[in-house]
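Residue-level structural notes
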Amino acid sequence: GDLFSDFLEMADHLTSSGYKDAAAVIAGSTLEAHLKQLCVRHSISVDSSGKPKKVDLINSELAAANAYSKLDQKNVTAWLGFRNDAAHGNYGAYDKAQVALLIDGIRHFITKLPA
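Residues numbered from 1 in each chain as written. Predicted model: local features only at pLDDT ≥ 70, side-chain atom pairs only at ≥ 80, totals over all residues. Heavy atoms only, no water.

Moving on, we come to the overall build of the protein. When helices and strands are tallied, the protein shows 5 helices and 2 strands. Here the protein holds 115 residues, and the buried ones make up 38% of them. Contacts spanning at least 24 positions in sequence make up 62% of the contacts within the protein whose residues lie at least 6 apart. Total accessible area computed for the protein in this model is approximately 6,400 Å², and 55% of it derives from carbon and sulfur atoms. The distance from the centre of the 12 positive side-chain charges to the centre of the 13 negative ones in the protein is 7 Å. (Helix = DSSP H or I, 4+ residues; strand = E, 2+ residues; numbered from the N terminus. Buried < 20%, exposed > 50% of the residue type's maximum accessible area, 1.4 Å probe, protein only. Contact = heavy atoms within 4.5 Å. Areas by Shrake-Rupley, 256 points an atom, 1.4 Å probe, with all protein chains shown as cover. Lys, Arg positive; Asp, Glu negative; His and termini not counted. Charge placed at Lys NZ, Arg CZ, Asp CG, Glu CD.)

This is the structure:
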């Protein structure tokens with residue numbers, strides 16, 4: 001939990017310093033790492049046929065296992081979309097305020113559902 005908090009604090013700092021894109025990538029990567037830890041907690045494999053599962057599949061499997069609600073699943077899907085936009089250079093798809101909300105949402109999710 002503390003490690004994730006540190007990364008989210010870093011993302012906050014980057015956002016406030018004008019680096020919204022790097023902040024979105026860090027926040028999204030933090031979310032992905034947390035989802036993988038939730039898989040371990042709920043005995044869900046993060047690999048399939050020796051290859052890592054895509055994070056969208058992990059999200060679906062966690063919701064199907066009642067690790068979290070369908071609403072949480074939809075939020076996770078949206079947050080991962082931010083991360084993908086940032087990682088693939090779609091910087092105009094979101095703004096600084098949305099990144100701040102992204103970070104707050106992920107922080108709340110991780111706090112509410114500890115791994």
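We are not done yet, so read on.
Our focus in this paragraph is the pattern of salt bridges. Taken as a whole and judged by the stated rule, the model has 8 salt bridges. Of the charged contacts, one joins D21 and K20 as a salt bridge, the two residues approaching to 2.8 Å between their closest N and O atoms. Shared partners join several salt bridges into a network, and the residues in it are E9, D12, D104 and R107. (Salt bridge = Lys/Arg side-chain N within 4 Å of Asp/Glu carboxyl O.)

Another point: helix α4 (residues 70–87). Across its 18 residues, α4 extends 25 Å between first and last C-alpha, which sits within 8% of the 26 Å expected from 1.5 Å per residue. Looking at the buried positions of α4, the neighbouring elements they touch are α2 (20–41), α3 (55–64) and α5 (96–112). (Expected span 1.5 Å × (residues − 1).)

At a minimum axis distance of 9 Å, the contact between α3 and α4 shows a crossing angle of 170 degrees. The orientation of α3 with respect to α4, classified from their angle, is roughly antiparallel. Note on packing geometry: the crossing formed by α3 with α4 is right-handed. Facing α3, whose interface residues are V55, D56, N59, S60 and A63, α4 presents K70, Q73, V76, T77, L80 and R83. Class assignment for the residues of the contact of α3 with α4 results in 4 nonpolar, 4 polar and 3 charged. (Axes fitted to C-alpha atoms, helices over the stretch in contact; angles between N-to-C directions. Parallel < 35°, antiparallel > 145°, perpendicular 65-115°, else oblique. Left-handed = near helix turned anticlockwise from the far one by under 90°. Nonpolar A, V, L, I, M, F, W, Y, C, P; charged D, E, K, R; others polar.)

Moving on: the confidence of the model for the protein. Looking at the protein as a whole, its pLDDT mean stands at 94, while 97% of the residues score no less than 70. Mean pLDDT in the protein bottoms out at helix α1 (residues 2–16), which sits at 86, and peaks at α3, which reaches 98. (pLDDT = per-residue confidence, 0-100.)

Inspection of the secondary structure puts D95 in the loop between α4 and α5. Given a relative accessible area of 37%, D95 falls into the partly exposed group. Taking the C-alpha atoms as reference, D95 lies 31 Å from V46; in sequence the two are 49 residues apart. A polar atom in the side chain of D95 sits 3.2 Å from the backbone nitrogen of A97. Within the local environment of D95, its side chain forms a polar contact with the backbone nitrogen of Q98, the two atoms lying 2.8 Å apart. (Polar contact = N/O pair within 3.5 Å; in protein donor to acceptor, adjacent residues only side chain to side chain.)

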